Amino acid sequence: VDRTTSWFHDPAFPNNLRQRWDYYFGFIFHEQRAPIWVGEYGTEFKYDQDYPWIEMWVNYTNGYFRNDLVNDLPRGHVGMSWAFWAVSPGGDVGGVLKADWVTVEEDKLAYIRSAMAPIPTYLDPNLPITPPSNKTYIVNSPTAEPTAAGPTLQYYHTAGSQIVDKNNVPVRFMGINWYGSESIWYVPMGLWMRNYRS
């Protein structure tokens, strides 16, 4: 969150946020021109404005585009996709984990918890690393299978403001970024403090 922007200090804050977001990018989603995937957002929860900002943001990405309690998504549509910044502590807004890489920032996690999937049991540190053989994992390659009627899409694609699967069912991607792979070490940061199995 960049607190130097004028809209953060506007007397109308936080009710001015939706109008700003609509102007800069929300119209793309509202007018069903294309899906939106916000690559990262986050907050330190260091300032009073941080709480109303993230509450407004989460509501906005979930389809509450006006300042009321009515979801504005068309029937069958899902909200905007996003990735929270970040798992790792430090940086400009900190992370979901504190500096010890163990303690969770519960305030931050509370805002994104509903979108988080449970950790698969095969990642339990007490179980073998190899996934159980009785489970099937399907990864579709980005290819098209030709048919008499033309190619059949076998991967995620877009339809208006939605990302959809091969059956044209809307999907929404949400997660938490873990930086490091773009660094000179090419690995997620913090693995020396806490490995992926913990």
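Residues numbered from 1 in each chain as written. Predicted model: local features only at pLDDT ≥ 70, side-chain atom pairs only at ≥ 80, totals over all residues. Heavy atoms only, no water.

Novice: Summarise the pairing of strand β1 (residues 37-41); cite the residues concerned and give the values.
Specialist: Working note: regular strand, side chains alternate between the two faces of the sheet. Note that β1 and strand β2 (residues 81-84) share 3 bridges and pair parallel. Bridged to Tyr41 within β2 is Phe84. The β-α-β motif built from β1, the intervening helix α2 (residues 50-61) and the parallel element β2 has right-handed crossover chirality. (Pairing = 2+ DSSP bridges. Helix = DSSP H or I, 4+ residues; strand = E, 2+ residues; numbered from the N terminus. Right-handed = clockwise from strand over helix to strand, strands pointing away.)

Novice: Break down the nonpolar core for me, citing the residues and quoting the values.
Specialist: In terms of nonpolar packing, the biggest core is built from 24 residues, with Leu17, Trp21, Tyr41, Trp53, Ile54, Phe84 and Ile112 touching the most fellow members. Sequence-distant contacts of Ile54, that is, excluding residues within four places in its chain, are made with Tyr41, Thr43, Phe45, Phe84 and Tyr111. (Core = buried A, V, L, I, M, F, W, Y, C linked by side-chain atoms within 4.5 Å. Buried < 20%, exposed > 50% of the residue type's maximum accessible area, 1.4 Å probe, protein only. Contact = heavy atoms within 4.5 Å.)

Novice: Before we move on, can you summarise α2 with the specific residues and values?
Specialist: Taking 1.5 Å of rise per residue, the 12 residues of α2 would be expected to cover 16 Å, and the 16 Å separating its terminal C-alpha atoms lies within 8% of that figure. Considered for burial, the residues of α2 that qualify are Asp50, Trp53, Ile54, Met56, Trp57, Val58, Tyr60 and Thr61. Residues of α2 that are buried in the fold lie against α1 (17-30), β1, β2 and α3 (106-112). A positive phi of about 105° marks Gly63, the residue just after α2. (Expected span 1.5 Å × (residues − 1).)

Novice: Pulling in residues and values, what's your account of the pairing of β2?
Specialist: Burial along β2 is two-sided: Ser81 and Ala83 and Trp82 and Phe84, pointing in opposite directions, are all buried. When β2 meets strand β8 (residues 174-176), the two strands line up parallel, connected through 3 bridges. Across the sheet, Trp82 pairs through a bridge with Met174, a residue of β8.

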